[in-house]
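Letter by letter, the chains look like this.
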Amino acid sequence: MRAVLQRVTQASCTVDEKITGHIKAGFLVLLGIEDADTTEDLQWLAQKIASMRVFSDENGLMNKALADVDGDILLISQFTLFAATKKGNRPGFTRAARPDKAIPMYEQMIKTLEEITGKKVATGIFGADMKICLLNDGPVTIIMDTKDKDNH
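Notes on the structure in this doc start here. Quantities reported herein were computed from a predicted structural model and do not represent experimental measurements.

Evaluation of the coordinates by the stated rule reveals one cavity of 30 Å³ or more. Of the volumes computed, that of the largest cavity is approximately 30 Å³. As for the largest cavity, its lining consists of Gly-71, Asp-72, Ile-73, Thr-117, Lys-119, Lys-120 and Val-121.

Below you can see the structure in the form of structure tokens.
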């Protein structure tokens, strides 16, 4: 499971000219799911997202977590995070989980993040053509991969 975490002052997702999810300050999370992902991966990543201390404290240092700033989450499914680009110029996506595995994992991530944060998670629509608008704050962008936990 891979996540691109972006600290934002606002973010939204639009599908067919309708806003499906909108947040003010918090995290825009792009989430990629692969076949090898487990519930343990999901739990680890959800906890990491909720606990990541990248929001500024009163001294301007990144010491505060999402809960400390009453931040929100916009979670977007993003199979292209598993793009294979080694050969040629057209990426391959064979590592990305098919919808029958990815959709339940995505839905479980929403529930898990809501349980951990105690707040509703804004979302896009799985598999839809989504338009994401964000104002990256910092910019702060962090990439996490559950297959590389020791380095995160």
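Here we take up the pairing of strand 3 (residues 26–32). The buried fraction of strand 3 amounts to seven of the seven residues, a majority that puts the element mostly inside the structure. Here seven bridges tie strand 1 (residues 2–15) to strand 3, and the two strands are oriented antiparallel to one another. Paired with Val-8 across the two strands is Gly-26, which belongs to strand 3. Pairing of strand 3 with strand 6 (residues 72–77), which is carried by six bridges, proceeds in the parallel orientation. Bridged to Val-29 within strand 6 is Leu-75.

Turning next to the layout of surface pockets. Considering only enclosed or pocket space, the largest pocket measures out at about 440 Å³ in volume. Counting residues per element, the ones that place at least two in the lining of the largest pocket are strand 3, strand 6 and helix 2 (99–117). A total of three residues in the lining of the largest pocket trace back to one element, the largest contributor, which is strand 3. When its residues are assigned to classes, the lining of the largest pocket shows 14 nonpolar, six polar and three charged.

This part is about unusual backbone geometry. In this structure, Pro-139 follows Gly-138 across a cis peptide bond, with omega equal to -5°. Despite not being glycine, Asp-16 shows a phi value in the positive range, around 50°. Inspection of the secondary structure assignment puts Asp-16 in the loop between strand 1 and strand 2 (18–23). Exposure remark for Asp-16: the relative accessible area of 67% places this residue in the exposed category. One non-glycine residue with positive phi stands out, namely Asp-70, at about 55°. Position of Asp-70 among the secondary structure elements: in the loop between strand 5 (62–64) and strand 6.

The next thing to look at is the packing of aromatic side chains. What the rule picks out here adds up to three aromatic pairs. Taken together, a centroid distance of 5.0 Å and an interplanar angle of 75° make the contact between Phe-79 and Phe-93 edge-to-face. Of this pair, Phe-79 sits in the loop between strand 6 and helix 2 while Phe-93 sits in the loop between strand 6 and helix 2, and the two are 14 residues apart along the sequence. Residue classification places Phe-93 among the partly exposed residues on the basis of a relative accessible area of 29%.

Here the focus is helix 2. For helix 2, with 19 residues, the first-to-last C-alpha span of 26 Å sits near the 27 Å given by 1.5 Å per residue. Of all the residues in helix 2, the buried ones are Ala-102, Met-105, Tyr-106, Met-109, Ile-110, Thr-112 and Leu-113. With its phi angle positive at about 75°, Gly-118 sits one or two positions after the end of helix 2.

Scoring rules and cut-offs
- Residues numbered from 1 in each chain as written.
- Predicted model: local features only at pLDDT ≥ 70, side-chain atom pairs only at ≥ 80, totals over all residues.
- Heavy atoms only, no water.
- 1 Å grid on protein atoms, 1.4 Å probe; cavity = no way out; pocket = protein on both sides within 12 Å on 5 of 7 lines; lining within 4 Å.
- Points joined across faces, edges and corners; volume = space filled by probe spheres on them.
- Buried < 20%, exposed > 50% of the residue type's maximum accessible area, 1.4 Å probe, protein only.
- Helix = DSSP H or I, 4+ residues; strand = E, 2+ residues; numbered from the N terminus.
- Pairing = 2+ DSSP bridges.
- Nonpolar A, V, L, I, M, F, W, Y, C, P; charged D, E, K, R; others polar.
- Phe/Tyr/Trp six-rings, centres within 6.5 Å; stacked < 30°, edge-to-face > 60°.
- Expected span 1.5 Å × (residues − 1).

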